[in-house]
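Per-entry structural report
Single-letter residue listing:
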Amino acid sequence: MTNTFEAIVTGATGINGAAIINRLLNEPKCSKIHCVSRSLKEEYPSKVKHYSIDLITSNPEQIAATFQKEGVTNITYAFHTAYKEESEEGEACKTNGAMLRNFVIGLEKSNNKTLKRVVLTTGLKYYGPQFGEVRLPMEESDRRVPESFSGLPNFYYIQEDILKELSANKPWDYVIAMPSDICGVSQGGYMNQAFTIALYAVICKELDEPFYFPGNEKIYKGLNDISYSGLIADFEVWAAQKPETSNERFNIVNGDSHSWSRTWPKIADYFGLKVPKNQFDNWSSLSNKITLPTPPPIRLYQEEMGIKDIPNTEFINHVSFPKWIQQDKVKKAWNQIAEREHLDPNLLDTGTWAFCDFTVGRTYYVAASMIKARQFGYHGYYDTFQGFQKTFDTLKRGKVIPS
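Residues numbered from 1 in each chain as written. Predicted model: local features only at pLDDT ≥ 70, side-chain atom pairs only at ≥ 80, totals over all residues. Heavy atoms only, no water.

Description of the overall build of the protein chain
- Scanning the protein chain from terminus to terminus reveals 15 helices and eleven strands.
- On C-alpha atoms alone, the protein chain measures out to a radius of gyration of 22 Å, which is about the 22 Å that the 2.2 N^0.38 rule sets for 403 residues.
- With respect to the three principal axes, the spread of C-alpha positions in the protein chain is 60 × 55 × 40 Å.
- Counting only residues that meet the buried cut, the protein chain has 55% of its 403 residues in that class.
- Looking at the protein chain alone, contacts between residues at least 24 apart form 78% of all its contacts between residues at least 6 apart.
- When the accessible surface of the protein chain is totalled, it reaches about 18,000 Å², and 48% of it is carbon and sulfur. (Helix = DSSP H or I, 4+ residues; strand = E, 2+ residues; numbered from the N terminus. Rg over C-alpha atoms; globule rule 2.2 N^0.38 Å. Buried < 20%, exposed > 50% of the residue type's maximum accessible area, 1.4 Å probe, protein only. Contact = heavy atoms within 4.5 Å. Areas by Shrake-Rupley, 256 points an atom, 1.4 Å probe, with all protein chains shown as cover.)

Digging into the sheet that holds strand S2 (residues 30-37)
- Strand order in the open sheet made by the seven strands is S3-S2-S1-S4-S5-S6-S9, with parallel pairing throughout. Of all the strands in the sheet, just strand S3 (48-52) and strand S9 (248-252) have a single pairing partner and so form its edges. Strand-to-strand, the axes of this sheet are offset by a mean angle of 20°, without reference to chain direction.
- In this sheet, strand S6 (residues 173-179) lies alongside strand S5 (residues 117-121) in parallel orientation, the contact comprising five bridges. Looking at S6, one finds that Val118 is bridged to Tyr174.
- Sitting on the sheet, helix H5 (residues 155-167) is in contact with strand S4 (75-80), S5, S6 and S9, with an inclination near 165° to S6.
- Relative to the sheet, helix H8 (residues 229-240) contacts S4, S5, S6 and S9, its axis offset from that of S5 by approximately 155°. (Pairing = 2+ DSSP bridges. Axes fitted to C-alpha atoms, helices over the stretch in contact; angles between N-to-C directions.)

Digging into the packing of helix H3 (residues 89-109) against H5
- Closest axis-to-axis distance for the H3/H5 pair is 8 Å, and the angle between their directions is 25°. For the element pair H3 / H5, the angle class is roughly parallel. As H3 packs across H5, the resulting crossing turns out to be right-handed. Within the contact between the two elements, H3 uses Glu89, Ala92, Cys93, Asn96, Gly97, Leu100, Arg101, Val104, Ile105 and Glu108 and H5 uses Phe155, Ile158, Gln159, Ile162, Leu163, Glu165 and Leu166.
- Broken down by class, the residue content of the contact of H3 with H5 amounts to ten nonpolar, three polar and four charged. (Parallel < 35°, antiparallel > 145°, perpendicular 65-115°, else oblique. Left-handed = near helix turned anticlockwise from the far one by under 90°. Nonpolar A, V, L, I, M, F, W, Y, C, P; charged D, E, K, R; others polar.)

Observations concerning the layout of surface pockets
- Roughly 540 Å³ of internal volume is contained in the second largest pocket.
- Looking at the second largest pocket, it is lined by 28 residues, and the ones nearest its centre are Ala18, Asn22, Val185, Ser186 and Thr394.
- Every element with two or more residues in the lining of the second largest pocket is listed here: helix H1 (15-25), H8 and helix H15 (384-397).
- Considered class by class, the residues forming the lining of the second largest pocket number 13 nonpolar, eleven polar and four charged. (1 Å grid on protein atoms, 1.4 Å probe; cavity = no way out; pocket = protein on both sides within 12 Å on 5 of 7 lines; lining within 4 Å. Points joined across faces, edges and corners; volume = space filled by probe spheres on them.)

Considering the pattern of salt bridges
- Tallied over the full model, the rule gives 22 salt bridges.
- Across the pair Glu165 and Arg101 runs a salt bridge, and its minimum N-O distance is 2.9 Å. Residue Glu165 is found in helix H5, and its partner Arg101 is found in helix H3; the two are separated by 64 residues along the sequence.
- Take Glu165: its relative accessible area is 46%, and that puts it in the partly exposed class.
- The class for Arg101 is partly exposed, based on a relative accessible area of 28%. (Salt bridge = Lys/Arg side-chain N within 4 Å of Asp/Glu carboxyl O.)

Structural notes on the packing of H1 against H8
- In the contact formed by H1 and H8, the axes pass within 8 Å of each other and the chain directions differ by 60°. Classified by the angle their axes make, H1 and H8 are oblique. The interaxial crossing formed by H1 with H8 has right-handed handedness. Between H1, through Ile15, Asn16, Ala19, Ile20, Arg23 and Leu24, and H8, the contact on the second element is made entirely by Ser229, Gly230, Ile232, Ala233, Asp234, Glu236 and Val237.
- Of the residues belonging to the contact of H1 with H8, the class tally is seven nonpolar, three polar and three charged.

As for H1
- Across the eleven residues that make up H1, a large majority, eight, are buried.
- Among the residues making up H1, those that are buried are Ile15, Asn16, Gly17, Ala18, Ala19, Ile20, Ile21 and Leu24.

So this is what it looks like as structure tokens:
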């Protein structure tokens, strides 16, 4: 086939990396897929070649030497999804910036003269919703949250600046994809809402308890974006091959006006559970409310965006997950499930309980515009519940949760 290309994917064992590999496997023009992660967690088809490389500890020369030795010298599109969580944002900037820099320079040094584009996955944290309410819908033209306002660096900005620096006067360019909270799964990659909700659901089923929404009524009834990993991958493969997307940033969300008030009852039906009536009347010892004063610099930034009179940011969880999993009955229920179904008894500890608490406990909405992607010619979308359903089905087939 003429006009074929080879691609390389970092963070291959993560949710986004795995989704991109699966999408490339079905891309007729892609003749070979190279992928990088610290370890190999699953067997790949013959079209895929895996390399065990630590992008943090390996310098560009070492990476280049491995690529040259393995014949990774004809890459057209590079997809960088590698990510390492750090407790401090400054460390996250240092670590994730170094991984991107090491990878790209290593790719250049390995004589990849065919390289056309690097596609980077970041996220909507670019707009600052981790600090509180932002102007909606979030649009790519919105300016960065100044570090002087937030008091914290943002590694998404660091990564974007690295790509601008490294691609200057080079024959390759870049595209940045910014998803919202991600729904998806990979072998051993469970850092997302869907896996945590699945654990909550199967334990509620085991205990014969109602399926309370863990957040609050405002977030339940409002509109909040989610990004399905398969859609993100489809967009990135499209954007990699589209000349017009050169050096652009794009939001990528499901685009279905998602509301938990629609999705949560469907998830309940999937697991054979019931959502109780008047569920938000039930304030208990498992509930949690946090009120954080909005720092004056952030308030200035919010006012700049037209958001005024927000002295505090509230997080309200009618069932706080970090409290819920500490209950003896919950731990006992999971141990019973794991023993009966031959599942991993330690999986309860891998749920992203605190993160999920944050996403459903915030009292402000997160919604991003997809207009820019549409204007550039991408018209993909995904039904959010179907994304959860596909993820739950995959967890069942992988014997992560009961089938």
